[in-house]
Amino acid sequence: MQKKIAIINDISGFGRCSVTVALPILSAMGISCGVVPTAILSNHTEYPDYSMLDFTPYMEDYISKWKQLELQFDAIYTGFLGSAKQIAIIKQMLSDFHFPHVIVDPVMGDHGIIYDSYTKEMCAQMKELVRHATIITPNVTELCVLTDHTYCDNLTDIQIQNMCTQIAKTGPKQIVVTGIETEDKIGNAIYDDGDFEIQYTKKILPLRPGTGDVFASMIAGYSLHNTNLSQATKKASRFIATCLETSKEFNIPINDGVCFEEHLSLLFQKNK
Ligand code: PXL
């Protein structure tokens, strides 16, 4: 049976992030996708300028139609949120529908810096949403926000494990912490219901916006294919490494994100 996922994320018109990443990746993985937009932007916020329409006022009506249609999903996957009220709307959606898998990518910032459009209130609300998740995929910056730690780019393995344990006590039993940087390697920490490991791979520079969206989309997809979290993380980071090599080879500007289109066939169903 084909699996179905509800993607709650922004539409950034340009720059390969959020919905323009999640839709192709999850579709290639053989999953049927529905989309609830949280905001519509001309381009993502890492470019020097952007315009943004907050979709909050339309979301409740939009979701109520899905309810009327009695749509059912195997999973919900949330990413970039455009306002604090959206969290309340999404929490309501969680109780109105039954989602066996709740994947929350707590998009708030990167490299110690919170994105321009994320207020303190939104970060606080994100912590609340995370409590309802089955899987979360924070980067190190987001891990620090979620656990009330000052940002630090050289956390020890034990610190990361303790922070995961702290979050797991509040809800999500599966956590992947992305973007753990050493000089020449990049790591993902996997916390899976008490088990903990860190997988390191070669760092392929430059790092690019939208990488976290490729990663979280694949983790969402693999959770629906019942791939264990450690294997899913390995496969996602291998795929991203391949795409980053191509991005470099094609001279894709950094802000234009991860060039994944050339490699989508690697995700087709035979590989699931
Ligand atoms: O990739 C994360 C992301 C999602 N959505 C918007 C963003 C970013 C990162 O910059 O700006 C609008």
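To start, this report covers the structure provided alongside it. Please read these numbers as outputs of a predicted model, since none were measured by experiment. (Residues numbered from 1 in each chain as written. Predicted model: local features only at pLDDT ≥ 70, side-chain atom pairs only at ≥ 80, totals over all residues. Heavy atoms only, no water.)

### A word on the pattern of salt bridges
Note that side chains of opposite charge can pair when their charged atoms are close. Throughout the structure, instances matching the rule amount to seven salt bridges. Here Glu60 makes a salt bridge to Lys85, at a shortest N to O gap of 3.2 Å. Here Glu60 is found in helix 2 (residues 56-68), whereas its partner Lys85 is found in helix 3 (residues 85-96), with 25 residues between them in sequence. Owing to a relative accessible area of 46%, Glu60 belongs among the partly exposed residues under this scheme. On the basis of relative accessible area, Lys85 is assigned to the partly exposed category, the value being 46%. We note a salt bridge from Lys65 to Asp61, for which the minimum N-O separation is 4.0 Å. Highlighted residues: Lys65 and Asp61, both in helix 2, separated by four residues, approximately one helical turn. Taking the relative accessible area as the measure of exposure, Asp61 reaches 48% and is therefore partly exposed. (Salt bridge = Lys/Arg side-chain N within 4 Å of Asp/Glu carboxyl O. Helix = DSSP H or I, 4+ residues; strand = E, 2+ residues; numbered from the N terminus. Buried < 20%, exposed > 50% of the residue type's maximum accessible area, 1.4 Å probe, protein only.)

### Some points on helix 4 (residues 120-130)
Side chains of residues three or four places apart in an α-helix project in the same direction, reflecting 3.6 residues per turn. Along helix 4, the residues that are buried comprise Met122, Cys123, Met126, Leu129 and Val130. For helix 4, the angular spread of buried residues about the axis comes to 110°, placing them on one side. Among the exposed residues of helix 4, those pointing more than 90 degrees away from its buried face are Lys120 and Glu121. (Arc of directions from axis to C-beta.)

### Describing the layout of surface pockets
For the second largest pocket, the calculated volume is near 250 Å³. Residue lining of the second largest pocket: 16 residues in total, with Glu70, Leu71, Gln72, Phe73 and His98 positioned closest to the centre. Of the residues contributing to the lining of the second largest pocket, the split by class is six nonpolar, four polar and six charged. (1 Å grid on protein atoms, 1.4 Å probe; cavity = no way out; pocket = protein on both sides within 12 Å on 5 of 7 lines; lining within 4 Å. Points joined across faces, edges and corners; volume = space filled by probe spheres on them. Nonpolar A, V, L, I, M, F, W, Y, C, P; charged D, E, K, R; others polar.)

### Structural notes on the site of the ligand
Taken together, Asp10, Ser12, Cys17, Ser18, Leu41, His44, Thr45, Glu46, Phe80, Tyr115, Gly210 and Asp213 make up all the residues around the ligand. A distance of 2.7 Å is found between a nitrogen atom of the ligand and a side-chain nitrogen or oxygen belonging to Asp10. Against a free-state accessible area of 310 Å², the protein chains account for coverage of 97% of the ligand. Split by residue class, the shell around the ligand holds four nonpolar, five polar and three charged. (Near = heavy atom within 4 Å. Polar contact = N/O pair within 3.5 Å; in protein donor to acceptor, adjacent residues only side chain to side chain. Areas by Shrake-Rupley, 256 points an atom, 1.4 Å probe, with all protein chains shown as cover.)

### Structural notes on the nonpolar core
Counting residues in hydrophobic clusters, the biggest one holds 51 residues, and the most contacted among them are Met93, Phe99, Tyr118 and Val177. Setting aside residues up to four positions removed in sequence, Tyr118 forms contacts with Gly79, Phe80, Leu81, Val107, Met108 and Met126. (Core = buried A, V, L, I, M, F, W, Y, C linked by side-chain atoms within 4.5 Å. Contact = heavy atoms within 4.5 Å.)

### Thoughts on the packing of aromatic side chains
Scanning all chains against the criterion turns up eight aromatic pairs. Between Phe80 and Tyr118 the ring centres are 5.5 Å apart and the planes differ by 75°, which places this aromatic pair in the edge-to-face class. Note that Phe80 is positioned in the loop between strand 4 (75-78) and helix 3 and Tyr118 in the loop between strand 7 (113-114) and helix 4, a separation of 38 residues in sequence. Exposure remark for Phe80: the relative accessible area of 7% places this residue in the buried category. By the ring-pair criterion, three or more aromatic residues cluster together here, those being Phe55, Tyr58, Tyr62, Trp66, Phe73, Phe97 and Phe99. Taking NZ or CZ as reference, Lys67 lies 5.1 Å from the ring centre of Phe97, over its face. (Phe/Tyr/Trp six-rings, centres within 6.5 Å; stacked < 30°, edge-to-face > 60°. Lys NZ or Arg CZ within 6 Å of the ring centre and 35° of its normal.)

### A word on the sheet that holds strand 4
Strand order in the open sheet formed by nine strands is 3-2-1-4-5-8-9-10-11, with mixed pairing between adjacent strands. Either end of the sheet is taken by a strand with one partner, and the two such strands are strand 3 (52-54) and strand 11 (195-202). Bridge analysis of strand 9 (residues 174-181) against strand 10 (residues 185-192) gives six bridges, and the strand direction is antiparallel. Considered in strand 10, the bridge of Ile175 is made with Tyr191. Strands strand 1 (4-12), strand 2 (32-41), strand 3, strand 4 and strand 5 (101-104) of the sheet are contacted by helix 3, whose axis makes an angle of about 170° with strand 4. (Pairing = 2+ DSSP bridges. Axes fitted to C-alpha atoms, helices over the stretch in contact; angles between N-to-C directions.)

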